[in-house]
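Notes for the structure review
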Amino acid sequence: HFQRDIVRGVEGYIVTGSKQVELGNKLCDDGKKYGVENTCTSGSTLSRAALSFAKARSLMEKERANLLKAFGTQVAEPLRAMVMGAPLEDARHLAQRYDRMRQEAEAQAIEVSKRQMKLRETSGNGDMISRLEAAESKLQELKSNMGTLGKEAVAAMTAVEAQQQRLTLQRLIAMVESERSYHQRVLQILDQLEREMVSERQRIEGAPPPVIENSMPPPPAYEEVNGIFMRTPTVAELVETVEHFLAEAIQSYRAESETELNLSTGDYIVVRKVSNNGWAEGECRGKAGWFPSEFIEKRDRVLASKVAQVF
């Protein structure tokens, strides 16, 4: 029964493990697809990591498939053969023959007892005595045969039990060794994968920050602002004429040229010009210059304490 339980458990594990291998291979394919097809402009770090992950996952699923195969060939099949094997069946047949003979002997003993009682109740005759003697002789023969067969059945069952226990233990050890070897190989794969990913992360963290190109066009030149052009300007190149208004800096801006204006969050600015290319010109703290218009918000009112900051 224990062997059958092991066989059923291992077969269930193989079915479940096969489904896990299928899902793991799908995850491997997804990682490989991303690593090959990704065209992210910010870098290929994740692509390389995805390829490394896919490669490691593929190796791990192969190891899992080998483990399931070993469970089938080294554990389930041998145990199933032992359950249905000839030695055990022969021992079972002997045990069954012994049981049948024991039942027959018990019935014969009852028959002898009846004949003895009947003989005592009557005066008896030669025929009754002869039948009683025949019944007693048959009972003795059954007991003798039962004793011999019983010894054979016990010996056979004892031998088979010892053999079955030894072989079952061997199969359990084989299962443990296979699974231990599987986990060791998977650990090696994961260690290698972790080293690759950690190395890539350290390379990124240790690298200088990437230079982010300013996609915003430079502020308008002096000639553009004052209407002095070497050619006829287009509408897109003209600076929008607006009334002066007050605005508040919603984030800091560091000037990158002499024509630009430094801003700190919370500064108030008198905005005098707004360009259609994303720049505005104004005055703050006694200085004038250009700054990105998205860094400010228009304000209808300003606290009296803030007026000095503007001028």
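The structure under discussion appears in the preceding block.
The paragraphs below set out a description of the structure included in this document. (Residues numbered from 1 in each chain as written. Predicted model: local features only at pLDDT ≥ 70, side-chain atom pairs only at ≥ 80, totals over all residues. Heavy atoms only, no water.)

Comments concerning the overall build of the chain
Along the backbone of the chain there are six helices and six strands. Secondary structure elements in the chain, listed N-terminal to C-terminal, are α-α-α-α-α-β-β-β-β-β-β-α. Going through the 311 residues of the chain one by one, you find that 29% of them count as buried. Taking all contacts inside the chain whose residues are at least 6 apart in sequence as the whole, residues at least 24 apart take part in 67%. Working note: accessible area of the chain is about 21000 Å², and carbon and sulfur atoms make up 55% of it. (Helix = DSSP H or I, 4+ residues; strand = E, 2+ residues; numbered from the N terminus. Buried < 20%, exposed > 50% of the residue type's maximum accessible area, 1.4 Å probe, protein only. Contact = heavy atoms within 4.5 Å. Areas by Shrake-Rupley, 256 points an atom, 1.4 Å probe, with all protein chains shown as cover.)

Focus: the packing of helix α1 (residues 2–37) against helix α2 (residues 45–83)
In helix packing, the relevant descriptors are the interaxial angle and the interaxial distance, both defined with respect to the helix axes. Relative orientation of the contacting elements α1 and α2 amounts to 165°, with a least axis distance of 8 Å. In terms of orientation, α1 lies roughly antiparallel with respect to α2. Of the two elements, α1 crosses α2, and the hand of that crossing is left-handed. (Axes fitted to C-alpha atoms, helices over the stretch in contact; angles between N-to-C directions. Parallel < 35°, antiparallel > 145°, perpendicular 65-115°, else oblique. Left-handed = near helix turned anticlockwise from the far one by under 90°.)

A closer look at the pattern of salt bridges
Under the counting rule described, the total for this entry stands at 16 salt bridges. Salt-bridge contacts for R272 lead to E283; the nearest nitrogen and oxygen are separated by 3.6 Å. With a gap of 11 residues between them, R272 in strand β3 (residues 268–275) and E283 in strand β4 (residues 279–284) connect regions that are remote in the sequence. Exposure remark for R272: the relative accessible area of 25% places this residue in the partly exposed category. Three or more residues joined by partner-sharing salt bridges are found here, namely R57, E61 and R64. (Salt bridge = Lys/Arg side-chain N within 4 Å of Asp/Glu carboxyl O.)

Quick word on the side chain of E248
With respect to the secondary-structure elements, E248 resides in strand β2 (residues 245–249). Judged by its relative accessible area of 18%, E248 falls in the buried class. Engagement of the side chain of E248 in a polar contact is seen with the side chain of R299, the distance being 2.8 Å. Excluding residues within four positions of it along the chain, E248 makes contact with G266, D267, Y268, I269, F295, I296, E297 and R299. (Polar contact = N/O pair within 3.5 Å; in protein donor to acceptor, adjacent residues only side chain to side chain.)

Some details on the packing of aromatic side chains
Overall, the coordinates contain three aromatic pairs when judged by the stated rule. Taken together, a centroid distance of 6.3 Å and an interplanar angle of 80° make the contact between Y253 and W279 edge-to-face. With Y253 in the loop between β2 and β3 and W279 in strand β4, the pair connects residues that are 26 residues apart, well separated along the chain. Judged by its relative accessible area of 1%, W279 is buried. (Phe/Tyr/Trp six-rings, centres within 6.5 Å; stacked < 30°, edge-to-face > 60°.)

What to know about the pairing of β2
Judged by how many residues are buried, β2 sits mostly within the fold: four of five residues are covered. Bridge count for β2 against β3 is four bridges, and the pairing is antiparallel. When the sheet's bridge partners are listed, F245 is paired in β3 with V271. For β2 and strand β6 (residues 296–299), the ladder comprises four bridges, and the chain directions are antiparallel. For A249, the partnering residue across the bridge sits in β6 and is I296. (Pairing = 2+ DSSP bridges.)

A closer look at α2
If you check α2, its first and last C-alpha atoms are 56 Å apart, about what 39 residues at 1.5 Å a residue would give, namely 57 Å. At G72, α2 shows its maximal bend, which comes to roughly 30°. (Expected span 1.5 Å × (residues − 1). Bend = angle between axes of the 7 residues up to and from the residue.)

Comments concerning the environment of D267
Tracing the sequence through the fold places D267 in the loop between β2 and β3. On the basis of relative accessible area, D267 is assigned to the buried category, the value being 5%. As a C-alpha pair, D267 and I250 span 17 residues in sequence and 8.2 Å in three-dimensional space. For D267, the side chain forms a polar contact with the side chain of R285, separated by 3.1 Å.

With respect to the environment of R115
With respect to the element layout, R115 can be found in helix α3 (residues 86–121). Considered as a pair, R115 and R131 are 16 residues apart in the sequence and their alpha carbons are 8.1 Å apart. When sequence neighbours within four positions are dropped, the list of residues in contact with R115 reads R131, L132 and A135.

Thoughts on the side chain of Q3
Mapped onto the elements of the fold, Q3 is located in helix α1. Looking at Q3, the relative accessible area reads 9%, which means it is buried. Looking at Q3, its side chain comes within polar contact range of the side chain of Q164, at 3.2 Å. Excluding its chain neighbours within four sequence positions, the residues that come into contact with Q3 are L79, M82, V83, Q164 and T168.

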